[in-house]
Amino acid sequence: MAYIIAEIAQAHDGSLGILHSYIDALAKAGVHAVKFQTHIAEAESSAFEPFRVKFSKQDETRFDYWRRMEFTEAQWMDIAAHCADAGVDFMSSPFSIAAVDLLEKTHIKTYKVGSGEISNLLLLDRIAATGKKVIISSGMSNWQELDEAVAFLKARQVETSILQCTTAYPTQPSEWGLTYMQQMRDRYQVPVGFSDHSGTPVACLAAAALGASILEFHAVFDRRMFGPDAKASLTIDEIAFLCEGVANIEKGLQPLALKEDNSQFAALKVMFGKSLAVNKNLPAGHIISLNDLESKKPGDKGIPANQYQQVLGKKLNKALQQWSFLTADDLS
């Protein structure tokens, strides 16, 4: 079954209470992992950041926003512990070396690398040194950048997976790029999945039907909430629907032997099958033509309808009433 990751990212808006509520809600919805973003403003940002402008009524700058998204080491430890207690994997995307160092203290098992960090080989080198699994989003990367990142990680024996992703919020159907999954699977020979920003369960359901090994999407209690990802996120009810849908798709893709052995339908085939009948009163000695024939249920009252050609040109040895079944004993 596809590994399902719900990303809270900044949907908690800096509130630990809201964050912990998300963990419980998403665990009940049926996801396998709850993912966060670990921001340390001083380590990842600077005064030259292009988005370092008035950001919200609460944050003067983008830097202030990142700082408000920070949690302490003890708080991250508690977050990871809550995930374990809820039965979901704890996962996060670091955006600095300092963030990796912090996350290592939580005993995180898998790192997610956002598409904006694909070319940050310094960060990839630090993550690779942990020996943990890595999932990378292709997002805003081209083939050359992806080739370099994958080769870099493989050279360090890192267990790597790749997600097809389009950096647009929300992503329109024409931008999903689902066919890239097979191209990435063929090109890199690693597990491939889909990271969604569409705001609808349809995209991930389609990806699951195409064999995605991993599905990732943003989660939000309500798309009207504040946050950079809210409009491109799925609600908790949509996520529950998605998890159930993915499970059913997995079952639906399992091989069946019905075309090799359909004996279980024998009774139904008789019930809904058709036998040959005559569509008008016909006298003895009449030569059967195509215009004389009808097919009627059930399928065991005479000559099967699929043998109609064998009765054409045959002579009736007795008169038949309209709608009477035609049997071999009626023909000479």
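Below is a short write-up of the structure.

About the criteria used
Residues numbered from 1 in each chain as written. Predicted model: local features only at pLDDT ≥ 70, side-chain atom pairs only at ≥ 80, totals over all residues. Heavy atoms only, no water. Salt bridge = Lys/Arg side-chain N within 4 Å of Asp/Glu carboxyl O. Helix = DSSP H or I, 4+ residues; strand = E, 2+ residues; numbered from the N terminus. Buried < 20%, exposed > 50% of the residue type's maximum accessible area, 1.4 Å probe, protein only. Polar contact = N/O pair within 3.5 Å; in protein donor to acceptor, adjacent residues only side chain to side chain. Contact = heavy atoms within 4.5 Å. Core = buried A, V, L, I, M, F, W, Y, C linked by side-chain atoms within 4.5 Å. 1 Å grid on protein atoms, 1.4 Å probe; cavity = no way out; pocket = protein on both sides within 12 Å on 5 of 7 lines; lining within 4 Å. Points joined across faces, edges and corners; volume = space filled by probe spheres on them. Nonpolar A, V, L, I, M, F, W, Y, C, P; charged D, E, K, R; others polar.

**Description of the pattern of salt bridges**
Between side chains of opposite charge, a pair can form as their charged atoms come close.
Turning to step 1, where the next piece is worked out: Under the counting rule described, the total for this entry stands at 15 salt bridges.
Turning to step 2, where the next piece is worked out: One salt bridge connects Lys 35 with Glu 7, and the closest N-O pair in it is separated by 3.1 Å. Of this pair, Lys 35 sits in strand E2 (residues 33-38) while Glu 7 sits in strand E1 (residues 3-7), placing them 28 residues apart in sequence.
Turning to step 3, where the next piece is worked out: Among the residues examined, Lys 35 registers a relative accessible area of 1% and is labelled buried.
Turning to step 4, where the next piece is worked out: A salt bridge links Lys 318 to Asp 330; its shortest N-O distance comes to 3.1 Å. Note that Lys 318 is positioned in the segment after strand E10 (293-296) and Asp 330 in the segment after E10, a separation of 12 residues in sequence.
Turning to step 5, where the next piece is worked out: Note on Lys 318: relative accessible area 41%, which makes it partly exposed.

**Let's talk about the side chain of Thr 38**
Turning to step 1, where the next piece is worked out: Examined against the element boundaries, Thr 38 turns out to sit in strand E2.
Turning to step 2, where the next piece is worked out: Looking at Thr 38, the relative accessible area reads 1%, which means it is buried.
Turning to step 3, where the next piece is worked out: Reaching out from Thr 38, the side chain makes a polar contact with the side chain of Ser 92 at a distance of 2.6 Å.
Turning to step 4, where the next piece is worked out: Setting aside chain neighbours within four positions, we find Thr 38 in contact with Glu 44, Trp 76, Ser 92, Ser 93, Pro 94, Phe 95, Ala 99 and Leu 103.

**Observations concerning the nonpolar core**
Turning to step 1, where the next piece is worked out: By size, the foremost hydrophobic cluster in this structure holds 68 residues, and its most contacted members are Leu 26, Val 31, Phe 36 and Ile 239.
Turning to step 2, where the next piece is worked out: Looking at which element gives the most residues to this core, the answer is helix H1 (residues 16-29), with 6 residues.
Turning to step 3, where the next piece is worked out: Ignoring anything within four residues of it in the chain, the contact list for Leu 26 reads Ala 6, Ile 8, Val 31, Val 34, Ala 219, Ile 236 and Ile 239.

**Digging into empty space enclosed by the protein**
Turning to step 1, where the next piece is worked out: In the structure shown here, the tally under the stated rule is 1 cavity of 30 Å³ or more.
Turning to step 2, where the next piece is worked out: Here the largest cavity is characterised by a volume of approximately 60 Å³.
Turning to step 3, where the next piece is worked out: Tallied by class, the residues present in the lining of the largest cavity amount to 7 nonpolar, 4 polar and 1 charged.

**With respect to helix H9 (residues 202-209)**
Turning to step 1, where the next piece is worked out: Every buried residue of H9 is listed here: Ala 203, Cys 204, Leu 205, Ala 207 and Ala 208.
Turning to step 2, where the next piece is worked out: Looking at the buried residues of H9, the elements they touch are helix H8 (180-188), strand E7 (192-196), strand E8 (214-218) and helix H10 (236-252).
Turning to step 3, where the next piece is worked out: Taken from the residues just after H9, Gly 211 is the one with a positive phi, measuring 90 degrees.

**A word on the layout of surface pockets**
Turning to step 1, where the next piece is worked out: In this structure, the largest pocket encloses a volume near 790 Å³.
Turning to step 2, where the next piece is worked out: Lining the largest pocket are 30 residues, with Gln 37, Trp 66, Phe 95, Met 140 and Tyr 169 positioned closest to its centre.
Turning to step 3, where the next piece is worked out: Listed by contribution, the elements that provide at least two residues to the lining of the largest pocket are E2, helix H3 (62-68) and E8.
Turning to step 4, where the next piece is worked out: At 3 residues, E8 tops the list of elements feeding residues into the lining of the largest pocket.
Turning to step 5, where the next piece is worked out: Among the residues making up the lining of the largest pocket, the classes are represented as 9 nonpolar, 12 polar and 9 charged.
Turning to step 6, where the next piece is worked out: Size it by volume and the second largest pocket reaches roughly 290 Å³.
Turning to step 7, where the next piece is worked out: What lines the second largest pocket is a set of 15 residues, and nearest its centre among them are Tyr 3, Thr 110, Lys 133, Ile 135 and Ser 161.
Turning to step 8, where the next piece is worked out: Elements with a minimum of two residues in the lining of the second largest pocket: strand E3 (89-94), strand E5 (133-137) and strand E6 (160-164).
Turning to step 9, where the next piece is worked out: Classifying every residue of the lining of the second largest pocket by side-chain character gives 7 nonpolar, 4 polar and 4 charged.

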